Amino acid sequence: MTTIAANLQDVRERLGAACRAAGRSPDAVQLLAVSKTFGPEAVAQAFAAGQRAFGENYIQEAVEKIHALRHLGLEWHCIGPIQGNKTRLVAQNFDWVHTVDRLKTAQRLSDQRPASLTPLQVCIQVNIDGGANKSGVAPREALALALQVAALPRLRLRGLMCIPEPAANFATAMAVHAQTRTLFDHLNTNGLSLDTLSLGMSADLEAAVSAGSTMVRVGTAIFGKR
Ligand SMILES: *Cc1c(COP(=O)(O)O)cnc(C)c1O
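Quantities reported herein were computed from a predicted structural model and do not represent experimental measurements. (Residues numbered from 1 in each chain as written. Predicted model: local features only at pLDDT ≥ 70, side-chain atom pairs only at ≥ 80, totals over all residues. Heavy atoms only, no water.)

### Points about the packing of aromatic side chains
Stage number 1. Counted according to the given criterion, the structure contains 2 aromatic pairs.
Stage number 2. Consider the rings of Phe38 and Phe223, whose centres lie 5.5 Å apart with planes at 25°: the pair is stacked. Taken together, the residues span a long stretch of sequence, with Phe38 in the loop between strand E1 (30-34) and helix H2 (40-48) and Phe223 in helix H9 (residues 220-223) at a distance of 185 residues. Taken as a pair, Phe38 and Phe223 share a single burial class, namely buried. (Phe/Tyr/Trp six-rings, centres within 6.5 Å; stacked < 30°, edge-to-face > 60°. Helix = DSSP H or I, 4+ residues; strand = E, 2+ residues; numbered from the N terminus. Buried < 20%, exposed > 50% of the residue type's maximum accessible area, 1.4 Å probe, protein only.)

### So, helix H3 (residues 59-68)
Stage number 1. All of the buried residues along H3 are Ile59, Ala62, Val63, Lys65 and Ile66. Here the buried residues of H3 occupy an arc of 165° about the axis, which is enough to place them on one side.
Stage number 2. Check the buried side of H3 and you find it contacts H2, strand E2 (53-56), strand E3 (75-78) and helix H4 (87-93). (Arc of directions from axis to C-beta. Contact = heavy atoms within 4.5 Å.)

### Some thoughts on the pattern of salt bridges
Stage number 1. In the structure shown here, the tally under the stated rule is 9 salt bridges.
Stage number 2. The residue Lys134 makes a salt bridge to Glu165 at a minimum N-O spacing of 3.6 Å. Separated by 31 residues along the polypeptide, Lys134 in the loop between strand E5 (120-125) and helix H6 (139-150) and Glu165 in the loop between strand E6 (155-161) and helix H7 (170-188) bring together distant segments of the chain.
Stage number 3. Using a relative accessible area of 23% as the deciding quantity, one classes Lys134 as partly exposed.
Stage number 4. A relative accessible area of 46% means that Glu165 is categorised as partly exposed.
Stage number 5. Counted as one network, the salt bridges with shared partners bring together Glu56, Glu61 and Lys65. (Salt bridge = Lys/Arg side-chain N within 4 Å of Asp/Glu carboxyl O.)

### Considering the pairing of E5
Stage number 1. Within E5, 6 of the 6 residues are buried, which leaves the element mostly enclosed by the surrounding structure.
Stage number 2. Going residue by residue along E5, you find Leu120, Val122 and Ile124 tucked away on one face and Gln121, Cys123 and Gln125 tucked away on the opposite face as well.
Stage number 3. In this sheet, E5 lies alongside strand E4 (residues 96-100) in parallel orientation, the contact comprising 3 bridges. Paired with Val100 across the strands is Ile124, a residue of E5.
Stage number 4. A crossover connection joins E4 to the parallel E5 through helix H5 (residues 103-112); in handedness this β-α-β unit is right-handed.
Stage number 5. In this fold, E5 hands off to H6, which returns the chain to E6; that crossover is right-handed. (Pairing = 2+ DSSP bridges. Right-handed = clockwise from strand over helix to strand, strands pointing away.)

Here you go:
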C-alpha cells in the first residue's frame, strides 16, 4: 500500500469516528483531498485508493493537473482566493468553488461558466472570526450576498465555507465552527436551501464534524507536509 493510500485510510477512520462521536451517519461528511503543491502522480495514487474529490488553491497549478488527469473523471474544488483575472479559468475548469466572497466574483463566474457544463457549485466563504486581513464576507453581510449569488443563472449556491484561525484545543475549534453552523441555519430559515458546510482541515476535522460540517478539506494528513 502506498503512503497516500495508508494516510487516506487513517483519515477515513478519523472521519468515521468523529461521525460516531457526534451521533451522525458515517456518510454525512464528504472528504475533499487537498492536493495543492502535490503533482498529478500523488492525485492518481489517491484516486487509486478510492478518492474522487480534490481541492486546489492555486489556479494555474490546478488547471495543469486537471488537464493531465482528465481521463480519471475527478471532481475538482477551487478552495483558494480568486483574482479577477482568474475567474474564467475557474469557471471553465472546476466543478466547485468554495471561496466566493463578493458579488462581482460570483457574477463573473456565472457569466463565464461554459454553456456545455453543468452549473458551477458554489460556497460563500465567511470570515467568521473577523481576522483583519482575511478573505471571506462578514457574517452580517452573508445573507444578502447569498441571496444575490443564489439568483445567478449559471451558479448553484450550496453552502458556506470557513477557514478559522488555528484553535488551541477542541472546545475552542468547536465553538468557532459552531458560529458558522449557526449562520448556515440562519440562512436556511431566510429563504435559502443550503446543504453544504465546508469546515475542518487536518488539525480540526473532529471539531468541525461535531459542529455540523458536511465537507472536510484535508491536505497534510493525506499527502504529507507541504
Ligand atoms: C491547504 C488548505 C486546506 C488543507 O489544510 P491541511 O491543514 O493541510 O489539511 C484546507 N482548506 C484550505 C482552504 C486550504 O487552503
